[in-house]
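Descriptive structure summary
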Amino acid sequence: MTKDKQGVSGVSPGPLVSRVPAPPADATIKNICCEYCPVACGYKAYLWPVGTEGGAKADENALSIDYPAFLQSGNWPSPTMFNTVTFEGKPHNVIVIPDGDSEVGNIGGTHSVRGGSIAQKLYNPQTPTADRLQMPLLRVRGTLQPISWDAATDIVAEVSKHVIENHGELAWGMKRYSYQFYENVYAVTKLALGAIGSPNHAPHHAPADGDDVPGLSDTGIDAFGSAYEDDREADVLFISGSDPYETKTVRFTTWMAVGGATMIYVDPRRTFSAAFAESRGGLHLQINPGTDTALYGAIARVILDNGWEDSEFIADYIASSGEVAAEGKWRRVQFGQSFDDFKSYITSEPAFALEEAARITGVPAEKITQTAELMTGGGAAERPKLSIRFEKGLYWSHNYENTAAIGNLGLVTGSIGSVGRSTSRLGGHQRGGQSGASYPLDKSPHEFEGHKVEMDQDRWVVQGNTRFMWAIGTNWIGASACSQQISDSLRQLIQETDPQVTTADTAVAIEQLKQRVDNGGMVFVHQEIYPNDTTEFADLVLPAAAWGEEDFARNSAERRLRIYEKISDPPGEARPDWKIVAEVAQKMGFDGFDWADSNEIFEEASERSRGGRRDYAALVEKARAEGKRGHDLLREFGTQGLQTPLTLEGGELVETPRLHADLKFKTDSGKANFVRADWSAVNARNEILGPEGDELWITNMRVNHYWNNLSDFTRRPYTFQRYPVNFIEINPQDAESKGIESGDMVSIDSNRVINQLGQQVTGGFTAVAYITDIVPPGLASAYFHFPRQPANSVVSADTSLQPLNLRYQFKLGRGKITRIGPTELAERMSFAPRNIV
């Protein structure tokens, strides 16, 4: 390497085997699903003791296949599907392979590049997973020191009680994963929201609790009402704010791409999915950032101006003005609309006029008109089956208005509740968020026009009001907007406020932490499987057991409930989150946390699932009637599982393939309503957040090689060498003007980041330049959650800009890009186009 190049450490190949032994015929077979995207592909795990293996004939191996076999998903275990683990205290070989018999989700055993290597996630001390957290750690004189579980839970319980008694529930906070598994989420929220009753609680991806898609919910449409079948059976697929090939690969390849639907794809970036849509006769609406509301309003206006709305559906299932006014939910009363009110607003808003919308959004007027015609059939005798799909690119910008606007499109076209006709999220994660208690909204210190809204946890921390924070299963810093402000606040409240812990003596450590709390500081507990950016601020680190290390259950994005069986012992003394929380809760004096195993929680949680999209109470009822455990009955349904909500009819379980099939909606009247998507609010926000001068919009994206914060993938050398550092897509025009080439290291900086207090601060990160026409001029896009290089550093965090629903505009960062210099990555990392069909 020449002296002027920036050094980037290489990644050596991992210890993958060159030969995978066949599991013997008597191998243990377990049901499990992929850990990653919301498709939740079904897998089988084959476990057998090290030192034995099966033969090449079908009757000699558990796969029941004669080898050599055709290299086909579902019957050929690749080296990435094999690992060695400890199971029930003894060394075992394990193969985690897609279920070749699957008739749902990953039909026939298809898989993504992520899922196909998920066996590498399992702990093996001979692989890069060796740095798993294995013992509770207490920071003593700045260094994390091993302590016992009894000491660790004593510290959490005693400091928590002190904070609550002396500073109130609002000073006690919890930041946790929003999805995970039913058993863990239920236990965690039963403590935080129920026993303690603190509103200082938020999911990993947001500063506040609450609905991610409130505008859609206010129409009465459930966010996860569709089935994967609807993607395949639709005549037209309208996809906004998600790159399904990159982030839900199997749903795209197995359900969307094979159905023959005309795709309309909305994205500021020209991705593979966009190119695919166009190559099959569809459209790519390459929208300007932050203008979705105007685009969807304009599409609706074209539909209304031409009389292309589904008038029969509207007449029968849309609420009148009086019915909207009688709703009990204040937001629906204030913003809900009858069809007449909706039509009046859409046709009178200047931004929704065709030529003006084209100017605002950057989407040509003829494409807007063509979209409306494709979605409705343009007056044809038979309307096309339209399914509308969206995800974070839509609601991580102008949350309420965008989710309302896309819900309105679903209603005006009647795209609800039947095969091929649906409006729903694609999902960001699998759905395990069954809460153990209701959110105590009445205690929140934040409100909008006299109405309580969920508490902005990050703002509360930055203001110095939180005295104890427990983060579970999240890299809080990288996942927050204005990441550097969270770092600075944690440093000030934890590391720069005395006293620091000077001894591992439990009683002394507890008193020192209590004193710091009383001095205006904060105590921070981080519960994780690996250390990450946030761990460096933790006073106490608790090692968690994860996927494959306990029996768990959760839903896919089509509400398919499956069991995820234990296939490996956790490393060292790591424990499931529910067990850690239960011990702390009992030491705090709370009843109802004395579960013997995860199944007891699963059964208890079923009662709180009643009436919702996750309702699986019927499964538990049937299990008890048959003298079985809930987990055991669920296990009998294999990787196919059951689509919730479930009911019992004649002693048999009845599934729900899709919601709203009865055309009943989640409103008091049972009818849907339109919601006013206020363009003036969006436009004002864009004026505040938009780039100026030589700044660019800085947005973010994901790639199918990785998942989220890379906790697994930085430890998967074969994959990690593809993108060993964060990268940022830059248009050739912008790159040329700045003298940047692919492979150069660049700095992305802004001195106009708005922090949680509404103040302008600086932020920035580095990335390797990827010159590509995927992004248009004026827009650059980096990986969302890369360790140590958080793209969210240039995203503003003032939730007062979105007071209806306190969410960050992760897709609307801004900054200047400066060349630092060349790197060796130019020679060993591919910068070829990624959007070629």
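Because the structure is predicted, anything quoted here is derived from the model rather than measured.

1. Points about the domain arrangement of the protein
Segmentation of the protein into domains returns domain 1 (28-122), domain 2 (137-211 + 432-654), domain 3 (225-426) and domain 4 (690-828). If you average the C-alpha positions of domain 2 and of domain 3, the two centres end up 36 Å apart. Taken together, the ten residues of domain 2 in the interface contact nine residues of domain 3. A combined buried area of about 830 Å² lies between domain 2 and domain 3, and 51% of that area is made up of carbon and sulfur atoms. It is His451, Ala557 and Glu558 in domain 2 that bury the most area against domain 3; as a group they hold 47% of the surface buried on that side. Along the contact surface separating domain 2 from domain 3 lie zero salt bridges.

2. Here's the deal with the nonpolar core
Counting 180 residues, the largest nonpolar core has Val96, Phe238, Tyr296, Ile299, Trp470 and Leu619 as the members making the most contacts within it. Looking at which element gives the most residues to this core, the answer is helix α8 (residues 292-305), with nine residues. If we ignore the near neighbours within four places in the chain, the residues touching Leu619 are Leu561, Phe602, Gly630, Leu633, Leu634, Phe637, Leu642, Leu646 and Leu653. Val462, Met522, Phe537 and Ala538 belong to the second largest nonpolar core, which has 17 residues in total.

3. Quick notes on unusual backbone geometry
Note the cis peptide between Asp498 and Pro499, where omega equals 0°. Mapped onto the fold, Pro499 is located in the loop between α18 (483-495) and α19 (506-518). Geometrically, the link from Thr644 to Pro645 is a cis peptide bond, its omega value of 0° lying close to zero. Note that Pro645 resides in the loop between β22 (642-643) and β23 (647-649). The backbone of Ala40 sits at a positive phi, close to 60°, despite the residue not being glycine. Structurally, Ala40 can be placed in the loop between β1 (28-33) and β2 (42-49). When its relative accessible area of 2% is taken as the criterion, Ala40 is described as buried. Here the phi dihedral of Cys482 falls at roughly 50°; this positive angle occurs in a residue that is not glycine. According to the relative accessible area criterion, Cys482 is buried, its value standing at 0%.

4. Here's the deal with the sheet that holds β1
Judged by pairing direction, the sheet is antiparallel, and its four strands sit side by side in the order β1-β2-β4-β3 without closing on themselves. In the strand order of this sheet, the two ends are held by β1 and β3 (82-87), each with one partner. The average undirected angle you get between the axes of adjacent strands in this sheet is 35°. With seven bridges connecting them, β2 and strand β4 (residues 90-98) associate as antiparallel partners. Paired with Lys44 across the two strands is Ile97, which belongs to β4.

5. Digging into the sheet that holds strand β9 (residues 236-240)
Judged by pairing direction, the sheet is parallel, and its five strands sit side by side in the order β11-β10-β9-β13-β14 without closing on themselves. Whereas interior strands pair on both sides, the edge strands pair on one side only; in this sheet they are β11 (283-285) and β14 (422-425). Taking each pair of neighbouring strands and ignoring which way they run, the sheet shows an average axis angle of 15°. For strand β13 (residues 386-390) and β14, the ladder comprises four bridges, and the chain directions are parallel. Pairing of Ser387 across the sheet is with Ser422, part of β14.

Reading guide: rules and limits
Residues numbered from 1 in each chain as written. Predicted model: local features only at pLDDT ≥ 70, side-chain atom pairs only at ≥ 80, totals over all residues. Heavy atoms only, no water. Domains from an automatic or database assignment. Contact = heavy atoms within 4.5 Å. Buried area = accessible area lost by both parts, 1.4 Å probe. Salt bridge = Lys/Arg side-chain N within 4 Å of Asp/Glu carboxyl O. Core = buried A, V, L, I, M, F, W, Y, C linked by side-chain atoms within 4.5 Å. Buried < 20%, exposed > 50% of the residue type's maximum accessible area, 1.4 Å probe, protein only. Helix = DSSP H or I, 4+ residues; strand = E, 2+ residues; numbered from the N terminus. Pairing = 2+ DSSP bridges. Axes fitted to C-alpha atoms, helices over the stretch in contact; angles between N-to-C directions.

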